[in-house]
Amino acid sequence: MTPAIYEAITTALKREPLPLDKVYTLAKDRGSNWHQAQIHLFLACMDGVEVEATPEKTPLVRLGQRTEKEELVEAIIQVVQSNTGKPMLAAEIRRQLPKRFVTTEEKIKALAKETPVLEVFGPGRIRYKG
């Protein structure tokens, strides 16, 4: 499971819960060679993802409550993506974040280093690599 495939799955799950077979199809369409059972196990182990047993044969996958950190990371990714692939300074990202996020440039850089689809390079520049 690549970060880009996982991001595509979570983006789809933000819109609505999906049956596991649809999540599997989405992953395959994005280039995954995992079996459905592997995807099921992976999602069941991920924080913030819930896999519910349903009366139907296929479990239902949904996003659970996200932490404040997860919401901040998502907002950072959105700001960086909106810059058409050009690297951004952490200070510029901070200015473009929604006002509800109170953070520092150092925190933005630290979160970017932990996030597989972001890359920190040079003097605090961050770019999307998903």
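Just above sits the structure.
First, a word on scope: everything that follows refers to the structure included in this document. Predicted model, so just to flag it, every value in this text is computed and none were measured. (Residues numbered from 1 in each chain as written. Predicted model: local features only at pLDDT ≥ 70, side-chain atom pairs only at ≥ 80, totals over all residues. Heavy atoms only, no water.)

**Remarks on the sheet that holds strand β5 (residues 118–121)**
Phase 1: Read across the sheet, three strands follow the order β4-β6-β5 without closing on themselves; strand pairing throughout is antiparallel. Every interior strand has two partners, whereas the edge strands, β4 (88–89) and β5, have only one.
Phase 2: The sheet contact formed by β4 and strand β6 (residues 125–128) spans two bridges and is antiparallel. By the bridge assignment for β6, methionine 88 is matched with isoleucine 126.
Phase 3: Across the sheet, helix α4 (residues 68–81) touches β4, β5 and β6, and the angle it forms with β6 is around 85°.
Phase 4: Lying over the sheet, helix α6 (residues 105–114) contacts β5 and β6, oriented at roughly 125° with respect to β5. (Pairing = 2+ DSSP bridges. Helix = DSSP H or I, 4+ residues; strand = E, 2+ residues; numbered from the N terminus. Contact = heavy atoms within 4.5 Å. Axes fitted to C-alpha atoms, helices over the stretch in contact; angles between N-to-C directions.)

**Description of the layout of surface pockets**
Phase 1: Here the largest pocket is characterised by a volume of approximately 780 Å³.
Phase 2: Looking at the largest pocket, it is lined by 27 residues, and the ones nearest its centre are Tyr6, Thr10, Glu70, Val73 and Ile77.
Phase 3: For the lining of the largest pocket, the secondary structure elements donating two or more residues are α1 (3–15), α4 and α6.
Phase 4: If one sorts the elements of the lining of the largest pocket by residue count, α4 sits on top with seven residues.
Phase 5: In terms of residue class, the lining of the largest pocket is built from twelve nonpolar, seven polar and eight charged. (1 Å grid on protein atoms, 1.4 Å probe; cavity = no way out; pocket = protein on both sides within 12 Å on 5 of 7 lines; lining within 4 Å. Points joined across faces, edges and corners; volume = space filled by probe spheres on them. Nonpolar A, V, L, I, M, F, W, Y, C, P; charged D, E, K, R; others polar.)

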